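Summary of structural features
For reference, the chains in residue letters:
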Amino acid sequence: MRRLALLRCSLWLCLLVACSNIPVEVAPTPTPVVTPTPRPDALGFANGHTLRGAFRTFWQQHDGVATFGLPLTEELWIDGAQTQYFERARFELTGDGQVRLGDLGAESLALQRIETQPDTPRADSTCLFFDATGHNLCGAFRTFWEQYGGETVLGMPLTEVYSRDGGQTQYFERARFEQPAGGPAQLAPLGDEALSRLPAHSLLRASEATPAPQRASLKRTDQTIQPLQTVRAVLETEASGAATVFWGDTRGQFWTSGVTLDASQTEVEHQARGALGPHGAVVVIDGRIAGVTTDVFRLDATTAIVTGEPRFDELIPRVKAFMDQDISEYAFDGHAVRGYRSPDNPLLWLRDHVHQGKGYAYWEQDMTSLLDQFRRLQRPNGAFDDYLGVFDFGPVHGRKEVEADLEYLFIEGVYRAWQATGDDDWLRRQIAAMERGLSYAMTDPQRWDQNHRLVKRPFTIDTWDFEIGQPTISPDGNVAPRHWIDEQTRWSIFHGDNTGYAHAIELLARMYEHLGDGERAAHWRAESRSLIERLNALAWNGTFYRHMVHLTPVEVPVDEAQQLSLSNAYALNRQGMTPERADAIISEYQARRRPPDQSFAEWYSIDPPFPAGVTSMPEHAQGHRPGEYVNGGIMPLVGGELARGAFSHGHEAYGFDILQRYYSLIAGTGASYLWYHPIGQPGISGAATIPTDGWGSSAMLAALIEGAAGVTDQDVRFSRATIAPRWSSTREVDSATVTVRYGASNGYVAYRWERTPDGLRLSWTGSGASVDLHVLLPAEAPDTVQAVLNGQRQTPPIVRSRESRYIDLSTTATGDLTLAW
């Protein structure tokens, strides 16, 4: 009796902790052994669980521990049926009092998404073939299946035998068979796995989690709920008095709400949080479990922002509508390839696709097929192709040889795809290609300047693909810009290539770190730092990065010392950017803002542009004259990078101003172009130009999500996220509900921010393990702020970014923060 009293107390301690809304996990117990029990009708185990009645009889008839393992719960009412979980099975009592195994094999197979191969051919006569499922049962698995109940107990096979972890595996309706190399056939621990997906499973596992004499359950709502919305469900029971509802997700996290039972049906409320998918509930009455409902509602998440201000709320759906029209799909060498196209032609260019990932990652499910194809086309020397496509005459692919950015763009694309999918195995398949690409870029004489130890390229306009100079005859005999390299090439070191490589190398270091290779991570992190140091010493002019540092002497009819090129905006959001340099670049762009009758925005591709006839573009082509295309045209991609950098470097009001101007531009025309003439006409380069440019619109979307809303992923699938709401910088927003989700996985973050008369409130949740809060204080807030985090008083320091002040806290993936002054 003393032991039982202690167990009951520990359950109430668990209830007390859980009521703080902090998810609770119970440490796994050691493998128990059968021990005597004082009750004649029950078999007791050292883990505190018991086995009785029909379940005990069935367990013993089928070799007990050897077949099903030990009980992991008591016999409980789960989804209206008497149920008990074991290490390798789930027992269910049917209406006629018979015991059956739960369909754990089918459930697990559905979660694993393993191909079931329904058209498997019949094997030889030593095997059983099942017409209903189209699969064979052979050898040791057939012997085991027949010995332990066959179809009646274990069900029919759902797959063929396949190799897994050095052994053999096969799925059945109610089990998974495993045979380690050289070992006997056995059941896999599907019971343990399935129990781990139940709501508040740590409570159900607890040895004191005994059934209540009363029965209670929540009715399924058939609702799909967005994070932080209120769920209303009906609790059905004949009991009265107080009860506690434990709401839980499939990861074992749970939150509690108290309820007073005063009728057969009582409405209960819950704020939806935690992992996406089914959410259930456990009803506890007088410290005992009265019932479990495994699927009360479904939690889903769609990337959206709701503030009441159209310029923020409408930007995501408008950009998605643009980008949905920017997709090219090909069957390339037998592989299905899907990507986001250039605004000027239907080819899939690596740079266009990668840069647009700042937007499409929040809804696109196929993040990898195009990158895989570029990897398959990688040249023996490590160089990547620039573009690919398929036409009536066949597939095409190639590289504009003047380009020097492709190897870092591939790394950036891999990093974003891996973050969105969380697929470590896919990431491992890219490592060798990324390393070969860097080796090529940092050793090949056409890419690497050994003297300065920086990446070089021909004298182009920023990162574009033609060398500056008079139009000339291309190697194929046509008049064309200089896309190639020959003995007349004039070489330069371009800052945008090198900030891109420094950033990508840091991303590679993070990927190595995640995969557990600290040595390679440290190597590449050191390379990133030293590269940016060499670039800064060579190309930083005190205010911004010089457009080109010439290795070949060249006369240019423009004051190059004043030329501000677009990759300065990219540099704001890349590795190695200091607050001082960021402030200087942003201030320079602000200083170059001109009256609207001269230029509607300061998002210049380059300023000042080159005079007419210098760029090597033919006279009839866009870019031949200043103010066109990349020769001084206005580019939303520059504005988006500039806005994102402004938000993260203490120029929040400027970031909001850019978003306002871009929204006005697209709301008035229903279109977005790669570039515009200074006074606002859209830049149409040819018949293939689309009015749904994804490059610029995705940059603006990134400025909204990562900058204004302040949601960034610090690891993978938002396992560690930053929430940095900057709505305090705009008086038009008093509350904001933000949800950011990857399209290729269940990784998401959601929060609700609101002003109060004397402070701020913030609630958040997500799929990850932790968040870093970086909360902007409004201008009127004093320097001393009271903070309550998850019910606990905190004294966080105030961190400054220029004139802006932030509160920084690291905490759990779900929680609440109140700031008051």
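Shown above is the structure to which this text applies.
Just so it is clear, the model here is predicted, and its values are computed rather than measured. (Residues numbered from 1 in each chain as written. Predicted model: local features only at pLDDT ≥ 70, side-chain atom pairs only at ≥ 80, totals over all residues. Heavy atoms only, no water.)

Here we take up helix 14 (residues 424–441). Residues lying three or four places apart along an α-helix face the same way, a consequence of the helix completing one turn every 3.6 residues. Here helix 14 is 18 residues long and its end C-alpha atoms lie 25 Å apart, about the 26 Å a rise of 1.5 Å per residue gives. Residue Q430 marks the point of greatest curvature in helix 14, where the axis turns by about 35 degrees. Those residues of helix 14 that sit buried are W426, L427, Q430, I431, A433, M434, E435, G437, L438, Y440 and A441. Lining the buried residues of helix 14 we find helix 12 (369–376), helix 13 (406–421), strand 28 (448–449), strand 29 (454–455), helix 15 (495–514) and helix 16 (518–539). (Helix = DSSP H or I, 4+ residues; strand = E, 2+ residues; numbered from the N terminus. Expected span 1.5 Å × (residues − 1). Bend = angle between axes of the 7 residues up to and from the residue. Buried < 20%, exposed > 50% of the residue type's maximum accessible area, 1.4 Å probe, protein only. Contact = heavy atoms within 4.5 Å.)

Turning our eyes to something else, we now look at the state of the cysteines. If you walk through the whole model with that rule in mind, you get 1 disulfide. Shown here is the disulfide that connects C127 with C138, its sulfur atoms set 2.0 Å apart. Its S-S torsion of approximately 115 degrees makes the covalent link between C127 and C138 right-handed. Taken together, the residues span a long stretch of sequence, with C127 in the loop between helix 4 (104–112) and strand 8 (128–130) and C138 in the loop between strand 9 (135–137) and helix 5 (139–147) at a distance of 11 residues. (Disulfide = S-S within 2.5 Å.)

Quick look at the sheet that holds strand 44 (residues 792–794) now. Think of a sheet as strands paired side by side through backbone hydrogen bonds, with each pair either parallel or antiparallel. Ordered by their spatial adjacency, 7 strands build an open sheet running 22-39-40-41-47-43-44, and the pairing between neighbours is antiparallel. Looking along the sheet, the strands with just one partner apiece sit at the ends: strand 22 (304–306) and strand 44. This sheet shows a mean twist of 15 degrees between the axes of neighbouring strands, independent of strand direction. (Pairing = 2+ DSSP bridges. Axes fitted to C-alpha atoms, helices over the stretch in contact; angles between N-to-C directions.)

Applying the stated rule across the entire model yields 33 aromatic pairs. Ring geometry for F600 against Y676: centres 5.8 Å apart, planes inclined by 80 degrees, an arrangement best described as edge-to-face. With F600 in the loop between helix 18 (579–591) and strand 36 (606–607) and Y676 in the loop between helix 20 (652–669) and helix 21 (694–708), this pair connects stretches of sequence that are 76 residues apart. Joined through ring pairs, the aromatic side chains of F55, F58, F68, F86 and F91 make up one cluster. It is R215 that lies over the ring of W77; its NZ or CZ is 3.4 Å from the centre. Against the face of W491 rests K456, its NZ or CZ located 4.5 Å from the ring centre. (Phe/Tyr/Trp six-rings, centres within 6.5 Å; stacked < 30°, edge-to-face > 60°. Lys NZ or Arg CZ within 6 Å of the ring centre and 35° of its normal.)

The subject of this paragraph is the environment of V740. Position of V740 among the secondary structure elements: in strand 39 (residues 735–741). Remark: the alpha-carbon pair of V740 and T94, spanning 646 residues in sequence, is separated by 43 Å. Those residues in contact with V740, other than ones at most four positions away along the chain, are T303, Y362, I705, V711, F718, G747, Y748 and V749.

This paragraph deals with the sheet that holds strand 38 (residues 720–723). Spatial strand order, 37-38-42-46-45: 5 strands in an open sheet with mixed pairing. At either margin of the open sheet sits one strand with a lone partner, and together these are strand 37 (711–713) and strand 45 (798–801). Neighbour-to-neighbour, the strand axes of this sheet turn through a mean angle of 25 degrees, independent of strand direction. In the sheet, strand 45 pairs with strand 46 (residues 804–812) via 4 bridges, with the strands oriented antiparallel. Bridge pairing in strand 46 links R800 to R805.

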